[in-house]
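Fold and contact review
Next come the chains, spelled out residue by residue.
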Protein chains: 4
Amino acid sequence: MKLLVLAIGGTIDKVYFDALSDYQIGTPAATEILQRVKVNFDFEVRQMISKDSLEMTDADRQEILSVVQDHSGKHVIITHGTDTMVETGQVLNQAAHKTIVIMGAMQPAIMKLTDADFNLGVAVAAVQTLSEGVYLCMNGRIYDVDRVVKNRAEGQFQDLGEGL
Amino acid sequence: MKLLVLAIGGTIDKVYFDALSDYQIGTPAATEILQRVKVNFDFEVRQMISKDSLEMTDADRQEILSVVQDHSGKHVIITHGTDTMVETGQVLNQAAHKTIVIMGAMQPAIMKLTDADFNLGVAVAAVQTLSEGVYLCMNGRIYDVDRVVKNRAEGQFQDLGEGL
Amino acid sequence: MKLLVLAIGGTIDKVYFDALSDYQIGTPAATEILQRVKVNFDFEVRQMISKDSLEMTDADRQEILSVVQDHSGKHVIITHGTDTMVETGQVLNQAAHKTIVIMGAMQPAIMKLTDADFNLGVAVAAVQTLSEGVYLCMNGRIYDVDRVVKNRAEGQFQDLGEGL
Amino acid sequence: MKLLVLAIGGTIDKVYFDALSDYQIGTPAATEILQRVKVNFDFEVRQMISKDSLEMTDADRQEILSVVQDHSGKHVIITHGTDTMVETGQVLNQAAHKTIVIMGAMQPAIMKLTDADFNLGVAVAAVQTLSEGVYLCMNGRIYDVDRVVKNRAEGQFQDLGEGL
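These numbers were taken from a predicted model, which means no experiment stands behind them. (Residues numbered from 1 in each chain as written. Chains lettered and ligands numbered in written order. Predicted model: local features only at pLDDT ≥ 70, side-chain atom pairs only at ≥ 80, totals over all residues. Heavy atoms only, no water.)

1. A short note on the interface of chain A and chain B
Contacts between chain A and chain B engage 34 residues on the former and 34 residues on the latter. Here chain A and chain B share an interface that buries about 2500 Å² over both sides, 57% of which is from carbon and sulfur atoms. When residues of chain A are sorted by the area they lose upon contact with chain B, Val37, Asn40 and Phe118 of chain A head the list and together hold 27% of the total. Linking chain A to chain B there are 0 salt bridges. Scanning the region where chain A abuts chain B turns up 19 residue pairs in polar contact (both at pLDDT 80 or more). For the side of chain A that touches chain B, the secondary structure elements donating two or more residues are helix 1 (29-36), helix 4 (116-129), strand 6 (141-144) and strand 8 (156-159) of chain A. Here the element with the most residues in the side of chain A that touches chain B is helix 4 of chain A; it accounts for 10 residues. Looking at the side of chain A that touches chain B, its residues break down into 16 nonpolar, 10 polar and 8 charged. (Contact = heavy atoms within 4.5 Å. Buried area = accessible area lost by both parts, 1.4 Å probe. Salt bridge = Lys/Arg side-chain N within 4 Å of Asp/Glu carboxyl O. Polar contact = N/O pair within 3.5 Å; in protein donor to acceptor, adjacent residues only side chain to side chain. Helix = DSSP H or I, 4+ residues; strand = E, 2+ residues; numbered from the N terminus. Nonpolar A, V, L, I, M, F, W, Y, C, P; charged D, E, K, R; others polar.)

Structure representation (structure tokens):
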């Protein structure tokens, strides 16, 4: 497997910034995590867009789709802000012959009590085991991108069928 | 999914102990991690054996097999010392109608630079997506328990076919 | 020593909040740190004000002064946002018979790479060893509150005499 | 201030090692911490001895004394295993014209819940504020090296006069 990781921005890559500083995205957390755990496969992490996911445009999503389609391999993970994962996933449904997993974190990777490491682990297993398509991995679950919603109050993603 | 996690001991659950103290295993890291990342499924973590995996006996492995077989659900993760995962996996091959994933960590979960969170994420996705059988998840890969070996020098698990 | 710690807010106690959430201050980091390191003296941590330090008013500072003066003991540490430490310190110069140390953090205590633990250690030693007065502890140094300035670009506090 | 930090070994610098590995001491934690918190003074960290403090010999302590005496500056911190800090301190009482602070950690610096950062902060403030002599800093207190003892059961250092 040659895994492509696209680091699009979002909470997972946020660094601390105070009221007098500009919005900042750090180097991709995925790189540090995949190296630290010594994954036994080839991977490339590419950083692009680097916006709060609430500010991503249709053009941004087309650019992501284009990069995904140009990737020579089958396996792609997108680290993404949690607020618009679903929108991006719906655009990526147009990619052919790829297994694409979108994931993110509720707490930045630089925090002691982050969910970034765990969520990336879920995504790495999912991208290897699932058939072609677009999936969203959060809270230890693998969701079909057409059947998932973020429940802000609970801080969790949930299946559309779970009666929110 | 009702996931059973058996915490058998090993590096993942190690706490610090100095030269004048006894060997100690802490409370299962899996409990803290699964709660912290707010997994959206039911799980039970049960602690048993609590030995260094080098000291596990055949009787210990039969006890684990027995607990796995008695579990009413299909999905089981075993957090395990890395030195004898394969031996335990071979005994668990006798369990019927279960998807069993064995995982561990090279660095304890209480360390800043642990691989425990990531590895547990891989295991959680694997146990949901794989068919019945016994698997070993380490270094971001999912191995057939009959075809994997620990490479101590590299600090990695590798497929038997990878020419160690 | 009966140490009073006033947790006023600021970066040290910040929790993660995203673009759709309100500003949030968590429980005081000082409590968790002082318990974790098992300090061998009595202490009380009291939370008050809980604003970004840029929004603190003269009335807020008078309220802090009042609490400090009412404390039965001599030793007081104030955990404070880094932008207006000096202003608060100048008001606290009116307190009599107290050793008051103001400190904070450039990175929140909940981050892996925080300076909160170290800075609080400096403050705890300073409050025990210094004579009555108001001091500011940052970057491993103990400053006279009348002779210190924050250098935003360097992310450091510096003595007024160091030729900024 | 030109601070000399001697990293002698002990819990603070321990890395994880398992039953099949040799005892290991990592690079000095003091270097990483002092850089991370951006201390505003010059320092040099020198690693020597690198044994469990229970195995230190009289010759080791004479070597430390010699390095301390040769240091051109006045301020010295020794990061040390907690079991024989007092013995080392008593040898260092022979050093003239130095302020020497001995400190360590109950939990290694690489752990999430370490006391290393805080304890080093205490030592850094103590070495700047105290007069010449040898001091031991643990648990947020500054002890005279002739009047302190480690209470193993409590995981704390205590003054000899506190009625252990």
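Here the narrative resumes, following the displayed structure.
2. Observations concerning the interface of chain D and chain B
Taken residue by residue, the interface counts 21 residues in chain D and 21 residues in chain B. Overall, the association of chain D and chain B removes approximately 1600 Å² of surface from exposure, summing both partners, and the carbon and sulfur fraction of that is 55%. Counting the surface chain D buries against chain B, the share from its top three residues, Tyr16, Met111 and Lys112 of chain D, is 40%. Linking chain D to chain B there are 0 salt bridges. Inspection of the chain D/chain B interface yields 4 residue pairs in polar contact (both at pLDDT 80 or more).

3. Details of helix 3 (residues 85-92) of chain A
Residue and element names in this part refer to chain A. Burial runs high along helix 3: 6 of the 8 residues are buried. When helix 3 is considered as a whole, its buried residues turn out to be Met85, Val86, Thr88, Gly89, Val91 and Leu92. Check the buried side of helix 3 and you find it contacts helix 2 (58-70), strand 3 (75-79), strand 4 (99-103), strand 5 (133-138), strand 7 (148-151) and strand 8. (Buried < 20%, exposed > 50% of the residue type's maximum accessible area, 1.4 Å probe, protein only.)

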